[in-house]
Every structure is written in C-alpha cells, then in structure tokens.
Amino acid sequence: MGTWNGQKLAGAAGILFVVATLASAFIVSPPPSADESPAKFLEFYSDHRSALLAQAIIGVLAIIPAFLFTAGLLNLLRTGEKEGGILAAAAVLSFIAAGAMALLVTAWFGGLAYMSDGNGLDEGAAKTLSVLAGFMNQGFFAPLALTNGASGYLLLKGSTVPKWVGWIGLLAAALAFVAVFSVAQSGAFTPFGVFSFGAFLSFSLYVVLVSLFMWRRG
C-alpha cells in the first residue's frame, strides 16, 4: 500500500478509534467517588455488569484502529521534523504507553464487573480495587500530555496541517497534564470527574482533527 493510501487508512482508523472510545465512555456512568460507602461500589458493579463488560470489550477492540492511527501519526510528524529529531518518536511511544494504561484500566473494570453479582466480589474489595483503578487511570494522562504536546508542537512548526491544529494539541497537553493531579475524593477533580473527562474529550477532538487531515492527505 502506498504512502497516500496508508495515510488515508490511518485517518479513518483514528476517527474509528475516537468513536469506539467515546462510545465505550458513555455506555455507563463513572464508578462512585472514594467517599462513598463500600456497598455503593458493589451495587454499582452488580447493577451495571452487562454494560461494564460491553465497555471493556469495546475498549479492547479500539486498540486495533489505534495502532493503525499511530503508524500514520508517526509518518505525519516525521515529515515536519528535522533529521535527528526525537519528538515524533516520543509522541508515538507515549501514545502507545497511554493506550496500554487505558487498556489495563478498562480490563480492570471489566474484571470487577465480571466478579460482581454473586460471583465472588464483596463490598470491601469492590471499593478498594475500584479506587485503585481510579488512581491507575490518572497515570494515563501523563503520557497523553507528552503525546499531545510533542505532536502539537511539531504540527505547529510544520506545514502539513493548519497551525491551529497544533495549538489545539498544546491545549490538550496542558489539560492532560493538570488532569494527572485530579485525585480529590469528590467533586470535579476526582479521577473520573469533570476535569479528567474534559481532558479526555480535548484529546479526542485533537485526534479527530489530525485524522481528518490525514484523510485529506491520502
């Protein structure tokens, strides 16, 4: 497959990746906050067992178009980077790291749902493991900030896409960096609170925009 056709495939894959991840995110509400009772956590996993299992499956399948998008992103970023530069590789490697962490958290919640509804998960374990998964989820935003920042900077300095796309990448990087510190027990700055979700949405918008320009290049 030629370079242009490859970029078109990568662009389509990027949009499919965002659609799958957003669909997965909206299937079920976030788990209870850390200040809720253990009974609330067990009730959450029991009541939403089927939805959480579907969420986990969709999240796992989303990794397939994510890898195709990653290959196209590397190709796109290298066209605007000087020889010997490292930001393109850093953006892609951090994207892979973020994807691995997101996959781990998704599978973790799927496992909790699988063990609920009388299959061995008790109230204490439901709360402890769920809160732990929330802190693991915050780790996802650190490599995401590097991905957004490095790629946004290269797109801003290059000529392959409009410079405003690069600025959106840098904004998404700033939001992802701040989201790392969203560790409150309740409110907007919980691990799955409004601020973290906003950082995720800004990343999703950025990927869609980059994917659309990949498609146009193809």
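Every chain begins its residue count from 1, and numbering advances along the sequence as written. In keeping with the model being predicted, local features are shown solely for residues with a pLDDT of at least 70 and side-chain atom pairs are shown and tallied solely at 80 or more, while totals for entire chains, interfaces and linings include all residues. Where side-chain values are given, they derive from all heavy atoms of the structure, hydrogens and water being excluded.

Asker: I keep staring at the overall build of the protein and nothing clicks. Help me out?
Answerer: Helix numbers and strand numbers start at the N terminus; a helix is a DSSP run of H or I with at least 4 residues, a strand a run of E with at least 2. Counting its regular elements, the protein contains nine helices and zero strands. Each helix and strand of the protein, placed in order from N terminus to C terminus, yields the pattern α-α-α-α-α-α-α-α-α. Only the C-alpha atoms count toward the radius of gyration. The rule for a globule is 2.2 Å times the residue count to the power 0.38. For 218 residues, the compact-globule formula gives about 17 Å, and the C-alpha radius of gyration of the protein, at 18 Å, lands near that figure. If you line up the protein on its principal axes, its C-alpha atoms span 55 × 35 × 25 Å. Remark: exposure states derive from per-residue accessible area (1.4 Å probe, protein chains only) relative to the maximum for the residue type, with buried under 20%, exposed over 50%, and partly exposed in between. Going through the 218 residues of the protein one by one, you find that 42% of them count as buried. At a minimum sequence separation of 6, the contacts of the protein that also span at least 24 residues come to 76%. Every accessible area reported is derived by Shrake-Rupley at a probe size of 1.4 Å, with residue values counting cover from the shown protein chains alone. For the protein, the accessible area works out to roughly 10,400 Å², and carbon and sulfur atoms hold 70% of it. A positive count includes Lys and Arg, and a negative count includes Asp and Glu. His and the chain ends are not counted in either. We put the charge of a Lys on NZ, of an Arg on CZ, of an Asp on CG and of a Glu on CD. Charge separation in the protein, taken as the distance between the mean sites of 10 positive and 9 negative side-chain charges, equals 24 Å. Residues count as neighbours in contact if any of their non-hydrogen atoms are within 4.5 Å of one another.

Asker: Where do I start with helix α5 (residues 87-115) in this structure?
Answerer: Given 3.6 residues per turn, any residue in an α-helix points the same way as the ones three and four places further on. To estimate the expected span of a helix, subtract one from its residue number and multiply by 1.5 Å. Here α5 is 29 residues long and its end C-alpha atoms lie 42 Å apart, about the 42 Å a rise of 1.5 Å per residue gives. Here α5 has its buried residues at A88, A91, V92, S94, F95, A98, G99, V105, F109, G110, L112 and A113.

Asker: Where do I start with the nonpolar core in this structure?
Answerer: A general trend in soluble globular proteins is that nonpolar side chains are found buried together. The biggest cluster of nonpolar side chains holds 33 residues, and the ones touching the most others in it are F17, L155, V165 and V210. Counting only elements with at least two residues in this core, the list comes to α1 (3-27), α4 (63-78), α5, α7 (141-157), α8 (163-179) and α9 (194-217). Looking at this core element by element, the count peaks at eight residues for α9. Every residue in contact with V210, bar those within four places of it in the chain, is listed here: F69, L73, L76, L155 and V165. Within the second largest apolar cluster, 14 residues are counted, among which are F44, Y45, V105 and M136. The definition of a nonpolar core used throughout is a set of buried Ala, Val, Leu, Ile, Met, Phe, Trp, Tyr and Cys residues joined through side-chain atoms within 4.5 Å.

Asker: What am I meant to see in the environment of G149 here?
Answerer: Looking at the element boundaries, G149 is found in helix α7. C-alpha of G149 to C-alpha of F177: the two residues are 28 residues apart in sequence and 9.7 Å apart in space. Other than its neighbours up to four places away in sequence, G149 contacts G169, L170 and A173.

Asker: Mind showing me how you'd approach α4 here?
Answerer: An ideal rise of 1.5 Å per residue puts 22 Å on 16 residues; α4 measures up with 23 Å between its terminal C-alpha atoms. For α4, the full list of buried residues reads P65, A66, F69, T70, G72, L73, L76 and L77.

Asker: I tried to follow the packing of α5 against α7 on my own but got confused; where do I start?
Answerer: Geometrically, a packed helix pair is captured by the angle between its two axes and the distance between the axes. To get an axis, fit a line to the C-alpha atoms, keeping to the stretch in contact for a helix; angles then go from 0 to 180 degrees between the N-to-C directions. At their nearest, the axes of α5 and α7 sit 8 Å apart, and the two run at 150 degrees to each other. It follows that α5 is roughly antiparallel to α7 by the angle criterion. Considering how the two elements wind past one another, α5 and α7 form a crossing that is left-handed. Along the contact surface, α5 presents L87, A88, A90, A91, S94, F95, A97, A98 and M101, while α7 presents P143, L144, L146, T147, A150, S151, Y153 and L154. Just so you know the grouping, Ala, Val, Leu, Ile, Met, Phe, Trp, Tyr, Cys and Pro go in nonpolar, Asp, Glu, Lys and Arg go in charged, and all remaining residues, Gly too, go in polar. Residues of the contact of α5 with α7, tallied by class, amount to 14 nonpolar, three polar and no charged. Here the angle decides the label: under 35 degrees means roughly parallel, over 145 means roughly antiparallel, 65 to 115 means roughly perpendicular, and every other value means oblique. Note on convention: near helix rotated counterclockwise from far helix by under a right angle means a left-handed crossing. Clockwise means right-handed.

Asker: What am I meant to see in the side chain of S116 here?
Answerer: Within the secondary structure, S116 is located in the loop between α5 and α6 (123-139). A relative accessible area of 0% places S116 in the buried class. Separated by 2.6 Å, the side chain of S116 and the backbone oxygen of A113 make a polar contact. Leave out the neighbours within four places in its chain, and S116 touches Y45, S46, R49 and L121. Two N or O atoms count as a polar contact when they lie within 3.5 Å, although within protein this holds only if one can serve as hydrogen donor and the other as acceptor, and sequence-adjacent residues are included solely when both atoms are side-chain atoms.

Asker: Explanation requested: the environment of A56 in the structure shown.
Answerer: Note on placement: A56 falls in helix α3 (residues 49-61). You can call A56 buried: its relative accessible area is 12%. Look past the residues within four positions of A56 in its chain and what remains in contact with it is T106 and G110.

Asker: Even after reading the chapter, I still don't get unusual backbone geometry, so can you show me in this structure?
Answerer: Although it is not a glycine, D117 adopts a positive phi angle of roughly 55 degrees. Tracing the sequence through the fold places D117 in the loop between α5 and α6. Of the residues examined, D117 reaches a relative accessible area of 53% and is grouped as exposed.

What is shown is where atoms sit, not what they do.
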